[in-house]
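Close look at the chain arrangement
Here are the chains, one letter per residue:
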Amino acid sequence: MTDLNGKDGFDRRKFLTGAAVAGVTPALTQTTPAQAQAAAPRHTPSALPPTTKTIAAETQPPGEETSRIGGKPGSDYMIDVIKTLDIKYAPSNCASSFRALHESMINYGENKSPEYISCMHEESGVGIAHGYFKASGKPLLTMVHGTVGLQHATMAIYNAYCDRVPLIVIGGNDLDAASRPPGVPTFHAAQDINAIVRDYTKWDDTPVTLQHFGQSMVRAYKIAMTPPYGPVAISLDAGLQQEPIHEHGAKLYIPRYVPTSPPQGDSNAVREAAKLLVAAENPVIVADRCARTPNGVKLLIELAELLQCSVVDQGNRMNFPNTHYLYRPAGVVSGADVVMGLELSDFWGTVNSFTDNGENGGVGFNSPRVKPTTKMISITSVDLLTKSNYQDFQRFQTVDVHMAADAETTLPSLIDAVKSAITKERASVIAERVEKAKKAYADIRARDMQAAVVGWDSSPISTARLCMEIYGQIKDLDWSLVSSAGDVSNWPARLWPIEKHHQWLGKSGGYGVGYGAPASVGAALANKELGRFSVSIQSDGDLMFAPGVLWTAAKHKIPLLSVMHNNRAWHQEVMHVQRLSNFRNRKANYGDDMGPIGTMIQNPDIEYHKLAESMGWWAKGPIKDPAQLGPAIKEAVAVVKSGQPALLNVWTQPR
Amino acid sequence: MRNMKMITAVAATLLLSGGAAYAASAEKGKVAFGKNGCWQCHGWEGQGGNAGPKLARTQLPLEAVMTFVRATNGPMPPFSKKVLSDEDLTDIYAFISAQPAPPDPKTIPLLAR
């Protein structure tokens, strides 16, 4: 097409302006139906005479090959912007609304930083980005089709939001209703695609010019990466991607990314917290997403040892080594006179219990876990990011010292304040806690061991046996438990020595089932670069939401050992229906299964090993005999070490 | 359960409302343990886990277990007689009582840290 300036190419905006004027003119002149009929094209012969352009193409020597759109595409500039942010991968499911960006990424950008990772489902793309960040500390971007693709992605974005994980979602959208292709592209466009994720993203934008995109992309990255971390979304007009860069006007530039310093606790509040902690006879620290980085673990150890206080790691990150004698289970708060929560998603639930027993008109029973006199301190950056509709902040808990600040960033000043507040007398009291703490730790460890051996030789295989057979084969490697989807009674945290930040990556955040499989693949992708061995404990229900991510792992040669916790049910839900049946004095209807209808994954049993094999994995199963498990894992470990993914389908006890 | 046939000895006796004694069966108890959903939280051997405590080799008397099962207001829902008969519950008690002793953790190399 030749534009008004005589250049080959298609300037969409100028074309649209022209189209709009042309469209308005008949209305202004009150064209009658008869005139419109007269203006309609006459009957067109089946063979048209060649155009000047066709004649030239057929009779003259070929000219220089040019881009049909003319000039450098806008999406090339977008890739230039993205490259400055050092985003390694773009796990995505392909779609027409971002075809221009896709094309620029793999051709102009040479498919490097970011490299396109082929996904079968948008939820998988987001889940991969989620897991990748937790293993590497670096965010990824994912491209989705504006409406239907984003709809697929939403649960995974919600998980990332609740888990305080940064990622950038770019949704393609054909905004211009007058020029976008009719049919599917129009069905798949909307005025404001980001509306469906606005409640659980930190920020979103819809750039209308290329320079606007440059600013938005860097701003998006900056917002996502400022604690509290979180997902961000950019709606990207298909026209803006496809148009050439205009040569007139101001030259495009790329804003420089400079990280924002995380918010630190107010110095007065930090001193007040330190005073309470030092004066306490039994202070307890509870950490959830405190250690954003490995340095957070070191800081927390330093603080705990200064106070010789118990530390509860709620496990959404690896905050504190479970081999440390100050590591404690959640129940330790009952004896505390001061509880300090660090980046807790649920302070109320930390110091209160809820029993779903049908009392109080069916809403259940609440009771405090702590003494009425217990003082409470909270440091959390989540207080700086609150949404009205989707409320993941849990029940309201009054605390005595409350800092809206990033816990890891605040720890150095809190450590200094604690050091200043410790008198000689208090130092002596604190020192006396050591031996008692070591004994308590040993007792807990012995109880865990006793619990682990009950049902050790059972079939289906006990979850304790499952976990320890895995550990037995990976203990000499630099392992990373990338996901533990489904409930295995917390055995890894109880029995595996977890000392490094990457050895435990936490859970989904929003409890959206279907996180485990893609997050494992994403974390394994990061660990591949970092030379770590990735292992996941993969539950059956989680895998079946979007099992296509297995293909992605095979396609991109992502080494991952996936050992299935196949208890053949959605066990979280089994008991809900059982409980309600009993409350209502009805015998639960199991149909032909072993649990309430609608909660079991059996009859037929799914052959996950065959599913994985069909998508390029090495796989084995079903393994029901515990004696066969160790040798099978050994075999699978060798496969993973050779660079391939491997899956073992293991029939397990419920939890 | 491997050793179940060897340990079907009566572990409990229930005095039924008519005055007749009901001799409990661990084998029947194993079936009832599955059909009434006990395994869902306590595991197939009553080994316990995050969702429910260990039941295997319980030291509680049958009467205490029955009272708890019928009237609990804890996380476990109550099982009325309509939902779980006295006979089934007595068999279940026999089953969990008859579980073999677990091995000593020190004899399991995988548990050595």
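A short tour of the structure in this document, coming up. (Residues numbered from 1 in each chain as written. Chains lettered and ligands numbered in written order. Predicted model: local features only at pLDDT ≥ 70, side-chain atom pairs only at ≥ 80, totals over all residues.)

**Considering the interface of chain B and chain A**
The condition that has to hold: Here the contact rule is simple: place C-beta atoms from the backbone, and any two residues whose C-beta atoms are within 7 Å are in contact. Secondary structure elements follow DSSP: runs of H or I of four or more residues count as helices, runs of E of two or more count as strands, with numbering from the N terminus.
Contacts between the two partners involve 31 residues from chain B, matched on the other side by 37 residues from chain A. Element by element, the count of residues in the side of chain B that touches chain A is highest for helix α2 (residues 39-42) of chain B, at three residues.

**Brief notes about the packing of helix α4 (residues 74-84) of chain A against helix α5 (residues 99-108) of chain A**
For any two helices packed against each other, the geometry is given by the interaxial angle and the distance between the axes. All names here are of chain A. This is how it is decided: Each axis is a line fitted through C-alpha atoms, taken for helices only over the stretch in contact, and angles between the N-to-C directions span 0 to 180 degrees. What makes a crossing left-handed is the near helix being turned counterclockwise from the far one by less than a right angle; a clockwise turn instead makes it right-handed. Residue polarity follows a fixed list, in which Ala, Val, Leu, Ile, Met, Phe, Trp, Tyr, Cys and Pro are nonpolar, Asp, Glu, Lys and Arg are charged, and the others, Gly among them, are polar.
As a packed pair, α4 and α5 sit with axes 8 Å apart at the nearest point and diverge in direction by 60°. In terms of crossing hand, the pair formed by α4 and α5 is right-handed. Where α4 approaches α5, its residues Ser75, Asp76, Met78 and Ile79 are matched on the opposing element by Ala100, Leu101, Glu103, Ser104, Met105 and Tyr108. Split by residue class, the contact of α4 with α5 holds six nonpolar, two polar and two charged.

**Describing the pairing of strand β17 (residues 561-565) of chain A**
Residue and element names in this part refer to chain A. Rule in force here: In this scheme every C-beta is placed from the backbone, and a residue whose C-beta has 20 or more other C-beta atoms within 10 Å is buried, one with 12 or fewer is exposed, and one in between is partly exposed. Any two strands are treated as partners once DSSP identifies two or more bridges connecting them.
Of all five residues in β17, five are buried; the element is thus mostly enclosed. Burial of β17 is two-sided: the residues Leu561, Val563 and His565 facing one way and the residues Ser562 and Met564 facing the other way are all buried. Pairing geometry for strand β16 (residues 533-539) and β17, over five bridges, is parallel. Across the sheet, Ile537 pairs through a bridge with Val563, a residue of β17. Pairing between β17 and strand β19 (residues 646-650): three bridges, direction parallel. Bridged to Val563 within β19 is Leu648.

**Here we look at helix α1 (residues 26-35) of chain B**
Residues and elements named next belong to chain B. Turning to α1, its buried residues are Ala26, Gly29, Lys30, Ala32 and Phe33. Against α2 and α4 (86-97) lie the buried residues of α1. Positive phi shows up at Gly37, right after α1, with a value of about 80°.

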